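Here are the chains, one letter per residue:
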Amino acid sequence: MSTSKSLQRILNKISKLVEQGYIKEAQLLLSELEKKKIKHPDMYTLQAMCLCAQDKLNSAISHLKKGVVNFPHEVDLFINLALFYERKGNYIEAYHFFMKSEYVNNDKDKREIIVSSLRRLKPFFKGWVWFDSSQNKIVTRISSGDNTIETNRDLSKARKHLGYLNAISAYLSIDAVTILEIDFGTGVLSKNLNLYGYEVEAVDADRKSILDIFCNEWQENLRNPDQKKASYFYKSVKPEDVTKMKHYDVVIFLPKQSSRYRSNSDLHESIVSNFLYKGVKQLFTFVDNTELSCIVNKYNGIYLVKPILTEGSQALCLFERNDVLNNRFFIPQPDNIGKRNSSIMEVDINKCIDNYGFSYRPGGFHPFVAAVNQLEVKPNLDYKDSVLNRFYECFQPENLYDALELQQDFFTDLKRGWIGYPWHVSSGGKQVSMNEWIGTTREGGNHFFGPNTEDFGAEELKRLVTNLRNIKEVGYIPEVFSDGYVTGYLLKQKDDYRFVITEGQHRIAVMASLGYSKIKVRFSTSEKDPRIVRRKLVESWSQVQNGVYSKLQAGALFDIFFKLNGIERVKDLGFKENSFYASDKTLTHV
């Protein structure tokens, strides 16, 4: 076996034998290759296929697990291992290895296989996230069948990492593309830097850190598998590894308290030095305050060394190459989001609306905001006595025309039922279709309006109670929670905008009631939602192009969202503005 070509011919022969059902013959050839000490990733896959054909699924999985250890960057092995776990019905492990395959994959066709596989797994998962105030921990539990994983994240530690994120992002070059984080720990930095638009890889030598990431981000990974994500690897970094690594624009190296890097200052210094000598543009790490002046002198003329955060006897420092332009990252706002890659921006709550134009601002009306205002007056409010219950009983539109209280004659077609908006994109670019029924937002009802069952409405109020308690205790810190950001898309015209909330209705209602003015939000990852809908580009909107809406209809529908605030549709039913429900008189009003 002198050449790779001759080996490949044998592997192809074995593959054909397996396909034709000649399992013993295939295994005999594989055994001969093993005797010759030949190792190839395809050998593990072929042996696993042979074992599976003999109904030895557990043995096949064990064999593939050996393969991914010996070939940790071979994407086919990870995909096949995930598929075998899926066949076994162990969907948690299937999810685990599909995600690992995505991290090591660079092939577009294989990514499509991974994405479609992750979508296939979603119905088999359930998950819960809650804040345990008694232990100051964020708890995440996911279950699939008989398998359950629960992890917890110390809130104080997550907050500390959020502080690092804020300090680093204030100095991070906006022109940088790639980032490596060593010892990622909670994953707060890597996750959010990815959302800010950077290409992020993260490594950690602690297996628990990897497990926490898989558990905490399960919903994000399964619901939106085709989005760009940070890549996480179980790996330690040695000084000699640095020279073999690919180039990164930015390196973040913040050793954890329990990390071997933290206890070995020479190891830490060697790794830092090797990255700097390799020419990284920016490096963020801790330096002892007593050594800071020596470090500054050591790299003078090549790197600017600047302390950006003090923590005890150490300073979080930026090492920045002298030729790096002084263009810093910032969280964009609607007026400067432009061509930025960031999925995160900051918006005014007063400019936020739900899918049907109900507003969260004091002078508008939203049933969730009104209900939270009532809860602030009467914490033990019963659902039957709530404004939410009365809203669901009183406001029950039967079609989109009634839901938006449209007036123009050219909208009469919308009386036939429910249909997506002209800027919505349907699967494969097809036309959106008219439906007689609006559908549910959760099993048992639709939280936008009635009719809903009493149980459904009571559960919605309960969710508001939970969010009110959590935000009062913890605040709105989406950076540290899985699926923590309120999400939506932007309607933009000239110097004005509306941000349409698609996920996080309960959270934003609570924040509006508590007096928040600006919040960080995330663009929706739903396939149907564009990031930004611009009024001047009406002719290019998907459902105008498809002929579902005329240009006149589409533009007029867009304009309505800048006029609606909710109160115009419910004042004749006896409802008041959101601010009204923040006083005792509301309890006699309902």
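If you're wondering where the values come from, they're calculated on a predicted model, not measured in any experiment.

(A) Structural view of the pairing of strand 7 (residues 250-253). The alternating pattern of strand 7 places Val250 and Ile252 on one face and Val251 and Phe253 on the opposite face, and all of these are buried. When strand 7 meets strand 8 (residues 282-288), the two strands line up parallel, connected through 4 bridges. Within strand 8, the residue paired with Val250 across the bridge is Gln282.

(B) Region of interest: helix 7 (residues 108-121). Its 14 residues place the ends of helix 7 20 Å apart at the C-alpha level, agreeing with the 20 Å of an ideal helix rising 1.5 Å per residue. For helix 7, the set of buried residues is Ile114, Val115, Ser117, Leu118 and Leu121. Axial view of helix 7: buried residues confined to an arc of 165°, hence all on one face. Facing away from the buried side of helix 7, by more than 90 degrees, are the exposed residues Lys108 and Asp109.

(C) Focus on the nonpolar core. One finds Ile182, Phe275, Phe319, Tyr356 and Phe365 to be the most contacted residues of the largest nonpolar core, which totals 181 residues. The leading source of residues in this core is helix 6 (residues 91-104), at 9 residues. When sequence neighbours within four positions are dropped, the list of residues in contact with Phe319 reads Leu276, Lys281, Gln282, Leu283, Thr285, Val287, Ile295, Tyr299, Tyr303, Leu304 and Val305. Of all hydrophobic cores here, the second largest spans 14 residues; its members include Leu30, Leu33, Met43 and Leu46.

(D) Region of the structure containing the sheet that holds strand 3 (residues 147-154). With respect to topology, 3 strands assemble into an open sheet ordered 1-2-3, the strand pairing being antiparallel. Each having just a single partner strand, strand 1 (126-132) and strand 3 make up the two edges of the open sheet. Strand-to-strand, the axes of this sheet are offset by a mean angle of 15°, without reference to chain direction. Direction of pairing for strand 1 relative to strand 2 (residues 137-144): antiparallel, over a ladder of 7 bridges. Within strand 2, the position partnered with Gly127 by the bridge is Ile142. Each of strand 1, strand 2 and strand 3 touches helix 8 (residues 155-169); the most contacted strand, strand 3, lies at about 60° to it.

(E) Quick peek at the side chain of Arg442. Mapped onto the secondary structure, Arg442 falls in the loop between helix 18 (400-403) and helix 19 (454-474). Only 2.7 Å separates the side chain of Arg442 from the side chain of Glu460, close enough to count as a polar contact. Excluding its chain neighbours within four sequence positions, the residues that come into contact with Arg442 are Phe456, Glu459, Glu460 and Arg463.

(F) Looking closely at the sheet that holds strand 5 (residues 199-204). On the basis of which strands lie adjacent, the open sheet formed by 7 strands has the order 6-5-4-7-8-10-9 and mixed pairing. The open sheet has two edge strands with one neighbour each: strand 6 (231-234) and strand 9 (303-311). Adjacent strand axes in the sheet meet at a mean angle of 20°, parallel and antiparallel pairs treated alike. The strands that helix 14 (residues 265-278) touches are strand 4 (178-182), strand 7, strand 8, strand 9 and strand 10 (314-321); relative to strand 8, the one it contacts most, it runs at about 150°.

(G) Main features of the environment of Asn147. The residue Asn147 is located in strand 3 in this model. On a C-alpha basis, the gap between Asn147 and Gln20 in space is 36 Å, while along the polypeptide they are 127 residues apart. Apart from the residues lying within four places of it in its own chain, the contact partners of Asn147 are Asn90, Ile92 and Ile142. A distance of 3.4 Å separates the side chain of Asn147 from the side chain of Asn90, its partner in a polar contact.

(H) Representation of the packing of aromatic side chains within the structure. Scanning the model with the defined rule gives 39 aromatic pairs in all. With a centroid separation of 6.4 Å and 90° between ring planes, the pair formed by Tyr299 and Tyr303 is classed as edge-to-face. Taken individually, Tyr299 and Tyr303 each receive the classification buried, so the pair is uniform in this respect. With 5.8 Å between their ring centres and 70° between their planes, Phe395 and Phe449 make a pair best called edge-to-face. Taken as a pair, Phe395 in the loop between helix 17 (387-394) and helix 18 and Phe449 in the loop between helix 18 and helix 19 lie far apart in primary sequence, 54 residues in all. Taking relative accessible area as the criterion, Phe449 reaches 3% and is therefore assigned buried. What links up through ring pairs into an aromatic cluster is the set Tyr356, Phe358, Phe365, Phe391, Tyr392, Phe395, Trp418, Phe448, Phe449, Phe575, Phe580 and Tyr581. A cation sits over an aromatic face here: Arg340 above Phe330, 4.4 Å from the ring centre.

(I) Region of the structure containing the pattern of salt bridges. Taken as a whole and judged by the stated rule, the model has 30 salt bridges. Here Glu102 makes a salt bridge to Arg111, at a shortest N to O gap of 3.1 Å. Since its relative accessible area comes to 27%, Arg111 is described here as partly exposed. For Asp496, the salt bridge identified is with Arg498, shortest N-O distance 3.3 Å.

(J) Structural context of the confidence of the model for the chain. Residues at a pLDDT of 70 or more form 97% of the chain, whose mean pLDDT is 91. The secondary structure element of the chain with the lowest average pLDDT is helix 24 (residues 586-589), at 48, and the one with the highest is strand 12 (residues 352-353), at 98.

(K) Representation of helix 2 (residues 23-35) within the structure. In a regular helix each residue adds 1.5 Å, so 13 residues correspond to 18 Å; helix 2 covers 18 Å between its end C-alpha atoms and thus fits that length. Among the residues of helix 2, Ile23, Ala26, Gln27, Leu29, Leu30 and Leu33 are the ones counted as buried. Along the long axis of helix 2, the arc covered by the buried residues comes to 160°, so they all point the same way. Among the exposed residues of helix 2, those oriented more than 90 degrees off its buried face are Lys24, Leu28 and Lys35. Residues of helix 2 that are buried in the fold lie against helix 1 (4-19) and helix 3 (41-53).

(L) View of the packing of helix 5 (residues 75-88) against helix 7. Packing of helix 5 against helix 7 brings their axes to within 12 Å, and their N-to-C directions diverge by 20°. Accordingly, the angle class assigned to the pair helix 5 and helix 7 is roughly parallel. Crossing of helix 5 against helix 7: the hand is left-handed. Contacts between helix 5 and helix 7 involve Val75, Asp76, Ile79, Leu83 and Glu86 from the first element and Lys110, Ile113, Ile114, Arg120 and Leu121 from the second.

How each quantity is defined
- Residues numbered from 1 in each chain as written.
- Predicted model: local features only at pLDDT ≥ 70, side-chain atom pairs only at ≥ 80, totals over all residues.
- Heavy atoms only, no water.
- Buried < 20%, exposed > 50% of the residue type's maximum accessible area, 1.4 Å probe, protein only.
- Helix = DSSP H or I, 4+ residues; strand = E, 2+ residues; numbered from the N terminus.
- Pairing = 2+ DSSP bridges.
- Expected span 1.5 Å × (residues − 1).
- Arc of directions from axis to C-beta.
- Core = buried A, V, L, I, M, F, W, Y, C linked by side-chain atoms within 4.5 Å.
- Contact = heavy atoms within 4.5 Å.
- Axes fitted to C-alpha atoms, helices over the stretch in contact; angles between N-to-C directions.
- Polar contact = N/O pair within 3.5 Å; in protein donor to acceptor, adjacent residues only side chain to side chain.
- Phe/Tyr/Trp six-rings, centres within 6.5 Å; stacked < 30°, edge-to-face > 60°.
- Lys NZ or Arg CZ within 6 Å of the ring centre and 35° of its normal.
- Salt bridge = Lys/Arg side-chain N within 4 Å of Asp/Glu carboxyl O.
- pLDDT = per-residue confidence, 0-100.
- Parallel < 35°, antiparallel > 145°, perpendicular 65-115°, else oblique.
- Left-handed = near helix turned anticlockwise from the far one by under 90°.

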